[in-house]
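Here's the letter readout for the chains.
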Amino acid sequence: MVNTNKIVGQNVKKYIEGKGIKHSWVMERTGIKKTAYYNFLKGEGNVEKYVAKINKLFRINDPFFFYKADMELNGKTFGRSRSDSFMNYVALSFHGAEDEELKRACIFSANLLN
């Protein structure tokens, strides 16, 4: 029997680690407590609620993105376009947090356009 919640947790973990993001960063921005977060990655707890928070954080519009048993994460999944970087930087700045990598990307993009 396939445990869908476990698949979701594994996919979220692969996605976050593939992006090179720390789990603490995700917990901080989603408001998920540490114990609940790590249980979620094991497929335990309120998976649907946490997936919604992860989707919102990463601006994933497909509510079933993490539910695929054969989910493949490739360069396209992790790539950032200039507009994505700019929008992420603006969103983080709006909430009082900045990501140095995004800040550098925005500065670099602005220099290319000038």
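In the block above lies the structure referred to throughout.
Parameters and conventions
- Residues numbered from 1 in each chain as written.
- Predicted model: local features only at pLDDT ≥ 70, side-chain atom pairs only at ≥ 80, totals over all residues.
- Heavy atoms only, no water.
- Helix = DSSP H or I, 4+ residues; strand = E, 2+ residues; numbered from the N terminus.
- Buried < 20%, exposed > 50% of the residue type's maximum accessible area, 1.4 Å probe, protein only.
- Contact = heavy atoms within 4.5 Å.
- Areas by Shrake-Rupley, 256 points an atom, 1.4 Å probe, with all protein chains shown as cover.
- Expected span 1.5 Å × (residues − 1).
- Polar contact = N/O pair within 3.5 Å; in protein donor to acceptor, adjacent residues only side chain to side chain.
- Core = buried A, V, L, I, M, F, W, Y, C linked by side-chain atoms within 4.5 Å.
- Phe/Tyr/Trp six-rings, centres within 6.5 Å; stacked < 30°, edge-to-face > 60°.

Q: I keep staring at the overall build of the protein and nothing clicks. Help me out?
A: Helix and strand counts for the protein come out as 7 helices and 0 strands. Burial status across the protein gives 32% buried among its 114 residues. Taking the intrachain contacts of the protein between residues at least 6 apart in sequence as the baseline, contacts between residues at least 24 apart amount to 56%. Approximately 7,800 Å² of the protein is accessible, and the part contributed by carbon and sulfur atoms is 54%.

Q: Teacher, can you tell me more about helix α1 (residues 4-18) here?
A: Each turn of an α-helix holds 3.6 residues, which means side chains three or four residues apart point in the same direction. Helix length check: α1 (15 residues) gives 21 Å between terminal C-alpha atoms against 21 Å at 1.5 Å per residue, within 8%. Residue Asn 3 occupies the N-cap position of α1, its side-chain oxygen lying 3.1 Å from the main-chain nitrogen of Asn 5. Once α1 ends, the next one or two residues include Gly 20, with phi positive near 75°.

Q: Just to check I follow, could you spell out the nonpolar core for this structure?
A: The nonpolar side chains of soluble globular proteins are, as a tendency, buried together. In this structure, Val 12, Ile 16, Val 26, Phe 40, Ile 54, Phe 58 and Phe 66 are the most contacted members of the largest nonpolar core, which totals 21 residues. Of all elements in the fold, only α1, α2 (23-30), α3 (34-41) and α4 (47-58) reach the threshold of two or more residues within this core. The element contributing the most residues to this core is α4, with 5 residues. Each residue touching Val 26, except ones within four places of it in the same chain, is listed here: Ile 16, Ile 21, Tyr 37, Ile 54, Leu 57 and Phe 58.

Q: It is not clear to me how the packing of aromatic side chains should be interpreted in this structure. Could you clarify?
A: For the structure on display, the rule yields 8 aromatic pairs. Ring geometry for Tyr 15 against Phe 65: centres 5.8 Å apart, planes inclined by 80°, an arrangement best described as edge-to-face. Of the two residues, Tyr 15 sits in helix α1 while Phe 65 sits in the loop between α4 and α5 (75-78), which places them 50 residues apart along the sequence. You can call Tyr 15 buried: its relative accessible area is 4%. The class of Phe 65 is buried, set by a relative accessible area of 19%. Taking the centre distance of 5.9 Å and the plane angle of 70° together, the rings of Phe 64 and Tyr 67 count as edge-to-face. Its relative accessible area of 55% is what places Phe 64 among the exposed residues. What makes Tyr 67 partly exposed here is its relative accessible area of 23%. Linked through ring pairs, Tyr 15, Trp 25, Phe 58, Phe 65 and Phe 66 together constitute an aromatic cluster.

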